[in-house]
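Each chain is listed here by its residues.
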Amino acid sequence: SEAMQRAVDLVGRVATSQSSILITGESGTGKEVLARAIHTRSGRSGPFVAINCAAMPETLLESELFGHVRGAFTDAREARIGLFTEANGGTLLLDEIGDMPLGLQPKLLRVLQERRVRPLGARAEHAIDVRIIAATNRDLEERIEQGAFREDLYFRINVVHVPLPPLRERTADILPLARQFLAQAIERARRKMCGISPKAADQLVRYDWPGNVREL
């Protein structure tokens, strides 16, 4: 579809830059898939690492991102590197960043500004080289107005904005995606199938897909 062509064209122009990228769109539109495509085309030699910022409490998320030294807190029986360090030389996807706890946001902002990380309980910082991609299904400007998201962090992550439209607004993509998913399912099941009938194709295109590509 034209909407996805615009998104892919934008990705092609910015993939090799160091700019932070913000991908927005409803749940299930393919934000992580696009983030992986950006990393693949970036030429960066390090790994692609992803974390869901809404999936864990603030203290655990801080440790996951920045790491910790042994004894930094209760149950910290051994040192652990954080995801910023794990993604060094590569790309870190901060998924669902709109739901990141407010208390952690200034610490993240400092790391993005200084490009240095201090693990919990450590005395020294170390430099990192990480490309940041953030993704959210939230309206971050609305979250800023509500006092739930820092405006300075928003400007730091929103250097390049790539919006992903919902599947109902790009119906030209439905059948190509369906055929690809069907081919994958046939290969996994080791079965022979002819494809999608005209009636089934018509129903797929007419459906509203509230769960977007994930539902498809």
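We now turn to the structure provided with this report. (Residues numbered from 1 in each chain as written. Predicted model: local features only at pLDDT ≥ 70, side-chain atom pairs only at ≥ 80, totals over all residues. Heavy atoms only, no water.)

1. Some remarks on the overall build of the chain
From N to C terminus, the chain includes 10 helices and 9 strands. Projecting the C-alpha coordinates of the chain onto the three principal axes gives extents of approximately 65 × 40 × 30 Å. Pairs at least 24 apart in sequence give 74% of the contacts found in the chain among residues at least 6 apart. Side-chain charges in the chain split into 30 positive and 28 negative, and the spacing between the mean points of these groups amounts to 6 Å. (Helix = DSSP H or I, 4+ residues; strand = E, 2+ residues; numbered from the N terminus. Contact = heavy atoms within 4.5 Å. Lys, Arg positive; Asp, Glu negative; His and termini not counted. Charge placed at Lys NZ, Arg CZ, Asp CG, Glu CD.)

2. Concerning the pairing of strand 1 (residues 21-24)
Burial along strand 1 is two-sided: Ile21 and Ile23 facing one way and Leu22 and Thr24 facing the other are all buried. Pairing of strand 1 with strand 9 (residues 160-163), which is carried by 4 bridges, proceeds in the parallel orientation. Note on strand 9: the bridge partner recorded for Ile21 is Val160. (Buried < 20%, exposed > 50% of the residue type's maximum accessible area, 1.4 Å probe, protein only. Pairing = 2+ DSSP bridges.)

3. As for the pairing of strand 8 (residues 131-136)
Among the 6 residues in strand 8, 6 count as buried, and that is most of the element. Going residue by residue along strand 8, you find Arg131, Ile133 and Ala135 tucked away on one face and Ile132, Ala134 and Thr136 tucked away on the opposite face as well. As paired elements, strand 5 (residues 91-95) and strand 8 share 5 bridges and run parallel to each other. Paired with Thr91 across the two strands is Arg131, which belongs to strand 8.

4. Topic: the packing of aromatic side chains
In the structure shown here, the tally under the stated rule is 3 aromatic pairs. Seen in terms of ring centroids, Tyr154 and Phe155 are 5.7 Å apart; in terms of plane orientation they differ by 50°. Their pairing is tilted. (Phe/Tyr/Trp six-rings, centres within 6.5 Å; stacked < 30°, edge-to-face > 60°.)

5. Thoughts on a negative patch on the surface
The grouping of Asp139, Glu141, Glu142, Glu145 and Glu151 at the surface amounts to a negative patch. If you tally residues by element for the negative patch, the top one is helix 6 (residues 140-145), at 3 residues. Examined against the element boundaries, Glu151 turns out to sit in helix 7 (residues 151-157). (Patch = residues over 30% accessible without salt bridge, like charges linked within 9 Å, V, L, I, M, F, W, Y side chains within 5 Å. Areas by Shrake-Rupley, 256 points an atom, 1.4 Å probe, with all protein chains shown as cover. Salt bridge = Lys/Arg side-chain N within 4 Å of Asp/Glu carboxyl O.)

6. Observations concerning the environment of Thr91
When you line up the elements, Thr91 lands in strand 5. The exposure class of Thr91 is buried, given its relative accessible area of 1%. Between the C-alpha atoms of Thr91 and Leu164, which are 73 residues apart in sequence, the distance is 20 Å. Within polar-contact distance, the side chain of Thr91 engages the side chain of His39 at 2.7 Å. (Polar contact = N/O pair within 3.5 Å; in protein donor to acceptor, adjacent residues only side chain to side chain.)

7. Notes on the pattern of salt bridges
Here the structure, examined in full by the defined rule, presents 11 salt bridges. For the salt bridge of Glu125 with Arg116, the shortest nitrogen-to-oxygen distance reads 3.4 Å. We classify Glu125 as partly exposed; its relative accessible area is 24%. Taking relative accessible area as the criterion, Arg116 reaches 33% and is therefore assigned partly exposed. Each member of the salt-bridge network shares a partner with another, and the members are Arg110, Arg116 and Glu125.

8. Some words on the nonpolar core
Membership of the largest hydrophobic core comes to 29 residues, with the highest contact counts inside it found for Leu65, Phe84, Leu92, Leu94, Leu108 and Ile157. When neighbours within four sequence positions are excluded, Leu92 is seen to be in contact with Val49, Leu65, Leu83, Phe84, Ala87, Val130, Arg131, Ile132 and Ile133. Within the second largest apolar cluster, 17 residues are counted, among which are Val11, Val14, Ile21 and Ile23. (Core = buried A, V, L, I, M, F, W, Y, C linked by side-chain atoms within 4.5 Å.)

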